[in-house]
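Here is what each chain is made of, one letter per residue.
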Amino acid sequence: MKTTKNKISVSSKTLLFCISVVLFSLNGFSQLGGSSSYQFLDLANSSRIQGLGGSNISIYDKDVNLTISNPALLDSVQSGSIAINYLNYISDINYGFTSYTHHVDNVGTFNAAFMYANYGSFTRADETGNKTGTFVANDLAVLVGYGKRIDSLFSIGGNLKFMNSIYDVYSSNGMAIDLAGNFHKPSKLFSASVVVKNIGFAFSKYVEKEKLPFEIQAGLTKKLKHAPIRFSLTLTNLQKWDLTYDDPNAEKEFDPNTFQELPPQEPNVFNKAMRHVVIGTEFVLGKNFNIQVGYNFRRRAELKFAPKSGLVGFSGGIAFKIKKFNLNYSLASYHLAGASHSFAITTNLNNLRTKN
């Protein structure tokens, strides 16, 4: 028994060391959305995550929908689970994934997923403006995930992704991996995770230099002991401190005395720090029912309309169970012009084979 404890201690320290090495060694790959390909990988990839603000990697409650974002959350009890997620994004963009999970004894838990983003049909025209037909634009990805518990507190995982982009006659192909680690202490109702996403390259490119949406995330989740509330804090884009940008369409300000144009106001340190923060809260009102509420600081800072901000940056969702099917619906406000709706259905084939 003494030897076993020593092994557990060593493996835990090894995990923390490996994660630290990965974080610092990959810091040079930092880049932001808007300067990379395959940006559909940045979208909230499950209905529940969208309801929690768009990013969450730390909730450990055996929900297979969360494992696409963090493969370290894969668990043997998820074996046989099928998940289908659909997101009706802005401007009729359709996005979603279908996944299946299987556990292999003494090896770990595997997850296979097919992800897609469809941008609709577009009118093709030549340089003189003559219409020559229509074309479609799609992004696709095939994902294989793996997760394994290394002791009673720590688990690790990874995703291998193959991406394909087709825009009219142009196409691009790429490959990426995610690396993840999770710490979960049930007695304290606490969980924390670190995920390094989209380490890879495009081997068939649109342009000469094409980057992937590399990102480092960290998160923690804590459930109150005597109240049905679970709080989550997710830190995004840790590979780059300053996420602000100069909006060319921003309203210009002028000095009232000289009437000279004033330079744009530089965001303060607090503003820059909060753009990394996503807050999610769940009201766990029973084993088969919960309500999600989320707030994304960066989304509100970048997409709000000054005269009337509304609920931009806020999101919410509801999860419930009907017989052997788990359902989730969420709504996220991206802009006053529209919101995004998302639906998910999950079931376990092993349970369907059993009698009620």
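Owing to the predicted nature of the structure, the values given are computational and were not obtained by experimental measurement. (Residues numbered from 1 in each chain as written. Predicted model: local features only at pLDDT ≥ 70, side-chain atom pairs only at ≥ 80, totals over all residues. Heavy atoms only, no water.)

1. Description of the packing of aromatic side chains
Phase 1: In this structure the tally under the stated criterion is 10 aromatic pairs.
Phase 2: For the ring pair Y89 and Y334, a centre distance of 5.3 Å and an interplane angle of 85° mean the geometry is edge-to-face. With a gap of 245 residues between them, Y89 in the loop between β1 (81-88) and β2 (94-104) and Y334 in strand β13 (residues 325-335) connect regions that are remote in the sequence.
Phase 3: Accessibility expressed as a relative area gives 8% for Y334, which makes it buried.
Phase 4: For the pair F122 and F135, a centre-to-centre distance of 5.5 Å together with 20° between the ring planes defines the contact as stacked. One end of the pair, F122, is in strand β3 (residues 108-125); the other, F135, is in strand β4 (residues 131-149), and 13 residues separate them in sequence.
Phase 5: Using a relative accessible area of 22% as the deciding quantity, one classes F135 as partly exposed.
Phase 6: In this arrangement the basic side chain of R299 is found over the ring face of Y334, its NZ or CZ atom lying 4.1 Å from the centre. (Phe/Tyr/Trp six-rings, centres within 6.5 Å; stacked < 30°, edge-to-face > 60°. Helix = DSSP H or I, 4+ residues; strand = E, 2+ residues; numbered from the N terminus. Buried < 20%, exposed > 50% of the residue type's maximum accessible area, 1.4 Å probe, protein only. Lys NZ or Arg CZ within 6 Å of the ring centre and 35° of its normal.)

2. Describing the confidence of the model for the protein chain
Phase 1: Residues of the protein chain with pLDDT of at least 70 account for 84%, and the chain-wide mean is 86.
Phase 2: Mean pLDDT values for the elements of the protein chain range from 42 in helix α1 (residues 2-25) up to 98 in strand β9 (residues 229-235).
Phase 3: Within the model, pLDDT remains below 50 along residues 1-31, and this stretch shows 32 contacts once partners closer than five positions in the same chain are excluded. (pLDDT = per-residue confidence, 0-100. Contact = heavy atoms within 4.5 Å.)

3. A look at the nonpolar core
Phase 1: In terms of nonpolar packing, the biggest core is built from 19 residues, with Y38, F40, Y95, M115 and M163 touching the most fellow members.
Phase 2: Secondary structure elements with two or more residues in this core: β1, β2, β3 and β4.
Phase 3: With three residues, β3 is the largest single contributor of residues to this core.
Phase 4: The contact partners of Y95, leaving out residues within four places of it in the chain, are F40, L43, A44, N45, N85, Y86, L87, M115, Y116 and A117.
Phase 5: One finds A44, I49, I59 and L73 within the second-largest nonpolar core, a separate group that totals seven residues. (Core = buried A, V, L, I, M, F, W, Y, C linked by side-chain atoms within 4.5 Å.)

4. What about the environment of H276?
Phase 1: In this fold, H276 is placed in the loop between α3 (269-274) and β10 (277-286).
Phase 2: For the pair formed by H276 and L235, sequence separation is 41 residues and the distance between their alpha carbons is 5.2 Å.
Phase 3: H276 has contacts with T234, L235, T236, N237, L238, K240, W241 and L243, leaving out every residue within four places of it along the chain.
Phase 4: Among the polar contacts listed, one links the side chain of H276 to the backbone oxygen of K240, at a separation of 3.4 Å. (Polar contact = N/O pair within 3.5 Å; in protein donor to acceptor, adjacent residues only side chain to side chain.)

5. Notes on the pairing of strand β11 (residues 289-296)
Looking down a regular strand, the side chains alternate between one sheet face and the other.
Phase 1: When β10 meets β11, the two strands line up antiparallel, connected through eight bridges. Looking at β11, one finds that V284 is bridged to N290.
Phase 2: Strand direction decides the pairing type here: β11 and strand β12 (residues 314-322), joined by seven bridges, are antiparallel. If you follow N290 over to β12, its bridge partner there is A319. (Pairing = 2+ DSSP bridges.)

6. A look at unusual backbone geometry
Phase 1: Non-glycine residue L189 carries a positive phi angle of around 55°.
Phase 2: Assignment of secondary structure puts L189 in the loop between β6 (170-185) and β7 (190-204).
Phase 3: Since its relative accessible area comes to 31%, L189 is described here as partly exposed.
Phase 4: Residue N198 is not a glycine yet carries a positive backbone phi of 60°.
Phase 5: Along the chain, the position of N198 falls in strand β7.
Phase 6: Owing to a relative accessible area of 3%, N198 belongs among the buried residues under this scheme.

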